[in-house]
Amino acid sequence: MTEVRPSAAPSAALWERDEELAAIAEAVDVLCADRHSPGTLLELRGEAGLGKTALLAETRRIAEQRGCTVWSARGGETLRTVPFNVVRQLLQPALVSMLPEEAREYLGDWYDIAGPALGIADPGDRHPDPQGVCEGLVAAVRRLARRDWPLVLLIDDAHWADQETLYWLAAFAERLADLSVLVVVARRPGEITGESARHLDAIAAAAGRPVASLSALTPEAVAGLTRATLGENADAAFCREVWAVTGGNPYETVELLAKVQDSELEPVEAHAGELRELNRSARGGGLVARLEELGVDATRFAWAAAILGDGITVDLVAQLATLGPEDAARCAERLRGARILTVPDPASAGPAELEFVHPLIATAAYNSVPDALRRAMHGIAARIVNDSGRGAAAAARHLLEVHPDDDEELVWQLREAAREHLAVGAPDAARRCLERALEEPPRPEVHAHVLYELGCATFLTAPARTIGHLRTALGMPGLDGERRVDAVIRLSQALLHNDQMEEAVRTVEAEAARLPAGPARMRLQAVRFMWEGLHAGESLTPGRSERLAELAATCTGRDNAERALLILRGFDAMMRGENAEEIVEICDRALVNGRLAPGLGWTDSEWGVELLLMLAGSYAYTDRLDRAETLYNEALQAYDTAGWGGGHLALAHAYVGLAHRRRGRLEAAEDSLRESLRLAERVGRGLPLYWTATCNLVDTLLARGHVDEAWAMAERHGFAPPYPSTVVLPDPRSVRGRLLLAVGRAKEGVDELEAAEKAAAARGHHNPVHVFAAADLARALATEDPARAARLAVDLRCRAERLGTDTAIGEALRVAAALETGQRAVRLAGQAVACLESSPCQYEHAAARIEYGVLARSVPDLERGVALARSCGADGLVEQARAELAAGVGLR
């Protein structure tokens, strides 16, 4: 049975909260017991006034009594559009107290990424990836938590936290298992929908124990609280009416009892009927009446404080309410006396001198401001914020509320605020500013530019919306020159991401036709060829490769448009299986002194990551793995440094894994690909990067001999038809066919490999290393249809010799040897070993060496094959060779 009255409750709102207090005390004890203990998240959920804030205050008291460091923050109903507002409240005090050099040391490489979001560093030149900023904030807390252990984080009114903070908190909550910190989150149920609601659900799911849902006080508790406040002479009928009027809401109960004291009402049954009238003055219309009683100046002061929302100082309120210093100070005192405003807790951060006693009062005060006046006051508040030097982004939340009035200056301010938001990794906040700028509306000559900027801001989060914005912008006057070309390319990228490949191609093709010969037209032509080259559909634009070869033949690599065309030509030639030496020569011409040209770096936005992945892929599948690895590792380092932790980093890890797989470093490949898949899960399933990670991981697990795990991975991650509309390296149909054969589903495997061959032929993709279906198909048909298997092997040998790499020729010879018997098989297997010994692909060399050892009955070759397989991490090959050695039949 819960006690009616806590034995030592520091707050009336803690009545009947014994269970919650016990959970909090236990969590603090666990935190303090061992600095290596896993972190804990507690969530307190309840309607307004049920005592969430009081429980957080008690958590602070308990934690500080145990020697913990406590940081706290609070969401605000009018502050939800301010990006990183709550996480800044939480972390800024600790970071600002450091010297700049010390803060940089603690945050390390994350300083330039997370620092701008936290307001302790200036933004860089490039727009950071929101996922990278989130990772930087997680890293910041991780490092600070080690310094300030035991650390407790308190977040009140999380339902009103900004979306960027909730994104961070959801990610941070997932990592608590390896970080000793206690997080206590208080929020109302419901209240919010959309992306923020999904983040709140993820936070709740990470809680260390069931969510604590607070309930109203029982009649017995309200009676005890009434008598503790008004005296033991309060009779039962009066106490019962207090409960009936307030519904057991602790905040309303305390406020009502305070009013009873103020009115000197005797707590007896005869006066119980007056309680409802007293309670109505606590909020809503009753609050308006209370403000009117305090006078016009006090009302204006309260309104101005509600408009400001945070950082409430008498001076700022006086400016907004147009009050003199003395009158403002007098109003502040009057509102404190009326329990509308109060002095903030000294433990809270920030310059505020005042805050509302309760969020319910703040909401009521804000809603009581007449609509037209509220909008006008937001406009004045924006000017005050700007004049204080805090910048357009800080003023943006006020600008968003101003009534549209064809104000050119307001449009400029909102565009500037959007730029500042993008610079700290808050594209959703930028979107809100630009959408509001369109309502003004902008001048005709500016309108298209605002739409273009809005399209860029929504590109990562809403490609379909981006399409509409950019199409409208391109149909209006105003976008000219390079910006128009940029808009067309960005539109085509959005169409590509929205799985509208043909429309993406038509868009750049139509714009290129409008332009005269020159760099802009060549850039658009390159983009068109790039999208066509990435398309994995069955249709192929007639004469595309010939036109690309003809155009690239005129390019010397003098500018990035020409370099792009050379890369595209090299990639097309690689996919078609043309001569590897010529492919490499074409790709090398796209480099400057062996390096990527300025403007073609991994984080440069003009061309995008797809082009550089084509370049690296061309090297990877022409046996120039050293160059491919250099490019992939540069990508990984560039994205790590820039804080691009979303899809870009997922792709970088995937292709580093691909390079490891091609080299034969299978364990390293598996590690990279698992990390890629972890990151890709956050971005979203079904995307090309998700397919790349999954396809390569399945292929790597098969190479390691972990067939059951490969099948489970494929089943878990949907590695099955339908396949993506963009090219994936290696060919996913070929990998799927190999997987089916490995798990004993031979008929399905053969069908899948035949489909892979058919699809590749329709696209003109004849590189036998990228599309290896023919090799596996020939082996699978060796017994059932030897004639067809032989034809496949001959065709494979021709393709390999056309490509001319040691890997391709060696693999073709392995297939030929598998279809022969006697000395011809031994001779072909020996030739395969000779080729693959010169290849950079050690796994294939190990497999060929073992196959030759078996055919030639050579123990030394088998033992060498085992050593090679073991160095690759190819457990299946090792077991195969060991079985042959153990049998020892016919070996010499």
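None of the values given here were measured: they were computed from a predicted structure.

J.: Would you explain the state of the cysteines in this entry?
T.: Each disulfide is one covalent bond, formed between the sulfur atoms of two cysteines. Overall, the coordinates contain 0 disulfides when judged by the stated rule. No disulfide involves Cys-798; its sulfur sits 15 Å from the nearest other cysteine sulfur, which is in Cys-835. When its relative accessible area of 18% is taken as the criterion, Cys-835 is described as buried.

J.: What is the right way to look at the environment of Arg-88 in this model?
T.: Position of Arg-88 among the secondary structure elements: in helix H3 (residues 85-96). Overall, the relative accessible area of 27% leaves Arg-88 in the partly exposed class. Note: C-alpha distance between Arg-88 and Leu-118 (30 residues apart in sequence) is 5.2 Å. With residues near it in sequence (within four places) discarded, Arg-88 still touches Pro-93, Pro-116, Ala-117, Leu-118 and Gly-119.

J.: How should I be thinking about empty space enclosed by the protein in this particular structure?
T.: Throughout the structure, instances matching the rule amount to 4 cavities of 30 Å³ or more. Roughly 70 Å³ of volume is contained in the second largest cavity. Taken together, the elements giving at least two residues each to the lining of the second largest cavity come down to helix H26 (519-534), helix H27 (544-553) and helix H28 (560-576). Sort the elements by how many residues they give to the lining of the second largest cavity and H28 lands first, with 4 residues. Tallied by class, the residues present in the lining of the second largest cavity amount to 3 nonpolar, 3 polar and 5 charged.

J.: Could you clarify how one ought to interpret the environment of Ala-423 in this entry?
T.: By secondary structure assignment, the location of Ala-423 is in helix H20 (residues 408-423). For Ala-423, a relative accessible area of 16% translates into the label buried. Residues Ala-423 and Pro-123, spaced 300 residues apart in sequence, show a C-alpha to C-alpha distance of 5.7 Å. In contact with Ala-423, not counting residues within four places along its chain, are Pro-123, His-127 and Pro-128.

J.: Can you walk me through helix H25 (residues 501-514) in this structure?
T.: Think of an α-helix as turning once every 3.6 residues; residues three or four places apart then point the same way. Between the first and last C-alpha of H25 there are 21 Å, a value that for 14 residues agrees with the 20 Å anticipated at 1.5 Å per step. Residues of H25 that are buried make contact with helix H24 (481-497) and H26.

J.: Help me out: how do you make sense of the packing of helix H23 (residues 463-474) against H24 in this one?
T.: In the contact formed by H23 and H24, the axes pass within 9 Å of each other and the chain directions differ by 150°. Taken together, H23 and H24 sit at an angle that is classed as roughly antiparallel. Like other packed secondary-structure pairs, H23 and H24 cross with a definite hand, here left-handed. For the pair H23 and H24, the contacting residues are Pro-463, Thr-466, Ile-467, Leu-470, Arg-471 and Leu-474 in the first and Arg-484, Ala-487, Val-488, Arg-490, Leu-491, Ala-494, Leu-495 and His-497 in the second. Tallied by class, the residues present in the contact of H23 with H24 amount to 9 nonpolar, 2 polar and 3 charged.

J.: Any chance you could explain the nonpolar core here in plain terms?
T.: One recurring pattern in soluble globular proteins is that nonpolar side chains are buried together. Ranked by internal contacts, the top residues of the largest apolar core, which has 138 residues, are Trp-531, Tyr-632 and Val-698. If sequence neighbours within four positions are ignored, Tyr-632 has contacts with Leu-613, Ala-616, Gly-617, Ala-620, Tyr-655, Val-656, Leu-658 and Ala-659. Core analysis: the next-biggest nonpolar cluster, separate from the first, contains 54 residues, Ala-103, Cys-134, Ala-139 and Val-181 among them.

J.: What is the right way to read the packing of aromatic side chains from this model?
T.: The relative placement of two aromatic rings is captured by the distance of their centres and the angle of their planes. Scanning the model with the defined rule gives 5 aromatic pairs in all. Judged by centre distance (5.5 Å) and plane angle (20°), the ring pair of Trp-168 and Phe-172 falls under stacked. Highlighted residues: Trp-168 and Phe-172, both in helix H7 (residues 163-174), separated by 4 residues, approximately one helical turn. Under the relative-accessibility criterion, Phe-172 is labelled buried at 1%. Ring plane angle 80° and centroid distance 6.4 Å describe the contact between Trp-602 and Tyr-639, whose orientation is recorded as edge-to-face. Note that Trp-602 is positioned in the loop between helix H29 (580-589) and helix H30 (609-620) and Tyr-639 in helix H31 (residues 625-642), a separation of 37 residues in sequence. One exposure class covers both Trp-602 and Tyr-639, and it is buried. Three or more aromatic residues joined by ring pairs make a cluster, and in this case those are Trp-691, Phe-719 and Tyr-723.

J.: Please explain helix H40 (residues 806-818) as it appears in this structure.
T.: Taking 1.5 Å of rise per residue, the 13 residues of H40 would be expected to cover 18 Å, and the 18 Å separating its terminal C-alpha atoms lies within 8% of that figure. Taking burial as the measure, the 13 residues of H40 include 10 buried ones, the bulk of the element. All of the buried residues in H40 are Thr-807, Ala-808, Ile-809, Gly-810, Ala-812, Leu-813, Arg-814, Val-815, Ala-816 and Ala-817. Of the surrounding elements, those touching the buried residues of H40 are helix H32 (647-663), helix H38 (773-780), helix H39 (786-803), helix H41 (822-837) and helix H42 (842-856).

Definitions and cut-offs
- Residues numbered from 1 in each chain as written.
- Predicted model: local features only at pLDDT ≥ 70, side-chain atom pairs only at ≥ 80, totals over all residues.
- Heavy atoms only, no water.
- Disulfide = S-S within 2.5 Å.
- Buried < 20%, exposed > 50% of the residue type's maximum accessible area, 1.4 Å probe, protein only.
- Helix = DSSP H or I, 4+ residues; strand = E, 2+ residues; numbered from the N terminus.
- Contact = heavy atoms within 4.5 Å.
- 1 Å grid on protein atoms, 1.4 Å probe; cavity = no way out; pocket = protein on both sides within 12 Å on 5 of 7 lines; lining within 4 Å.
- Points joined across faces, edges and corners; volume = space filled by probe spheres on them.
- Nonpolar A, V, L, I, M, F, W, Y, C, P; charged D, E, K, R; others polar.
- Expected span 1.5 Å × (residues − 1).
- Axes fitted to C-alpha atoms, helices over the stretch in contact; angles between N-to-C directions.
- Parallel < 35°, antiparallel > 145°, perpendicular 65-115°, else oblique.
- Left-handed = near helix turned anticlockwise from the far one by under 90°.
- Core = buried A, V, L, I, M, F, W, Y, C linked by side-chain atoms within 4.5 Å.
- Phe/Tyr/Trp six-rings, centres within 6.5 Å; stacked < 30°, edge-to-face > 60°.

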